[in-house]
Amino acid sequence: MVDFDDNSQLDTSQIEDRRGGRLGGRGGIAVGGGGLGIIGVILALIFGVGGGGSGLGGRASLDDQALGPGASQGAGEVQTACRTGADADEREDCRMVAFINDIQAYWRHEFKNLGRSYTPATTVFFSGSTTSACGTATEQTGPFYCPGDKKIYLDLGFFRTLQDQFGAQGGPFAEAYVVAHEYGHHVQNLLGVLDQISGDRRTGPQSAAVRSELQADCLAGAWTANAGRGVIGFEVTQREIATALDAAAAVGDDRIQETFQGRVIPESFTHGSSERRQHWFQEGYKAAGPEACNTFSGTA
Ligand SMILES: [Zn+2]
């Protein structure tokens, strides 16, 4: 178990807590609408909603009793419940606040080293569904980063799905890997990588889509090697690293396709195989920095 320094102060201003609010969606579901999720749209198969591509509609539209944008903003449970490392030891949502604070402190430091300034990204905690600039976020989309509003959308319930449906061991650092991956996309966005690949819709093990996802895994590994040394004190054991690697493998395209479709179609890969996801996470971890994360040259 990750043990946080009880006296570390949590910064909940990096979180928008919309849990408990349901904001009806307008238009398609986020992933396919520009959001970059940690896994493909396979969740639709699990939750059994009809439709393909970004027109999933389905459940999202059932929730169309719009409360109006921002209705649940400020409802923020985390703002009151998550103040210190001691809270992060007790509550999953506060633990996520601690990891997000540490991830952003790390990238602020790395960008400074690059002579650049890091623009923080807000993480939206939601339950059920909520709106984003990339479309409706639902439990079916899984966690994702939306370049359109530079926010990360996270339904904490996904961590149960990761264990129950994807067979991951789970645990604090499996969850940290998921959110660090999404911040990897934010870093790519700030560095202009996403703009360079945005028009390329091809799939397959060497596609720009897969290379971008593997780069986000690598950037998650780079942070992991430096985790807990910034504003929030905690230690990352080898056992924790193993749960992150296990989570990376659990969301490999081949593993998911094998599990849910019974056959693997490499040319349809959008996120990379389990082995490649683990490989690039380890590359970032071993180098303890983003300089090892050039997944766009050579074999992905
Ligand atoms: Zn991703």
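All residue numbers here refer to positions counted from 1 along the written sequence of the relevant chain. The predicted nature of this model means local features are confined to residues of pLDDT at least 70 and side-chain atom pairs, given and counted, to a pLDDT of 80 or more, with totals for whole chains, interfaces and linings taken over all residues. Side-chain numbers here rest on the full set of heavy atoms in the structure, without hydrogens or water.

**Some details on the confidence of the model for the chain**
How sure the predictor is of each residue is captured by pLDDT, a score from 0 to 100. Residues of the chain with pLDDT of at least 70 account for 82%, and the chain-wide mean is 86. By definition, residues are in contact when any of their heavy atoms lie within 4.5 Å. Of the regions scoring below 50 in pLDDT, residues 45–74 engages in 47 contacts with residues more than four places distant in sequence or in other chains.

**Things to note about the pattern of salt bridges**
Any Lys or Arg side-chain nitrogen found within 4 Å of a carboxyl oxygen on Asp or Glu counts as a salt bridge. Per the stated rule, a full pass over the model turns up 12 salt bridges. Salt-bridge contacts for Glu92 lead to Arg160; the nearest nitrogen and oxygen are separated by 3.0 Å. Of the two residues, Glu92 is situated in helix α5 (residues 92–113) and Arg160 in helix α6 (residues 158–164); the sequence distance between them amounts to 68 residues. The structure contains a network of salt bridges with shared partners spanning Asp17, Arg19, Glu77, Arg91 and Asp93. Labels follow the DSSP assignment, with helices taken as runs of H or I lasting at least four residues and strands as runs of E lasting at least two, numbered in each case from the N terminus.

**Brief notes about the state of the cysteines**
In this description, a disulfide is simply a cysteine sulfur pair whose atoms lie within 2.5 Å. Under the criterion given, the structure shown has three disulfides. Across the disulfide, Cys82 is cross-linked to Cys94 (sulfur-sulfur distance 2.0 Å). Residues Cys82 and Cys94 share a disulfide whose torsion about the S-S bond is about -75 degrees; that sign makes it left-handed. Taken together, the residues span a long stretch of sequence, with Cys82 in the loop between α3 (77–81) and α4 (85–90) and Cys94 in helix α5 at a distance of 12 residues.

**Here we look at the environment of Ser207**
Summarising the element assignment, Ser207 is placed in the loop between α8 (193–197) and α9 (208–226). On the basis of relative accessibility, which here comes to 7%, the residue Ser207 falls in the buried class. The spacing of Ser207 and Thr270 is 63 residues in sequence and 7.8 Å in space, taken between C-alpha atoms. If we skip the residues at most four places from it in the chain, Ser207 touches Arg202 and Phe269. With a 1.4 Å probe rolled over the protein chains alone, any residue whose accessible area is under 20% of its type maximum counts as buried; one over 50% counts as exposed, and the rest are partly exposed.

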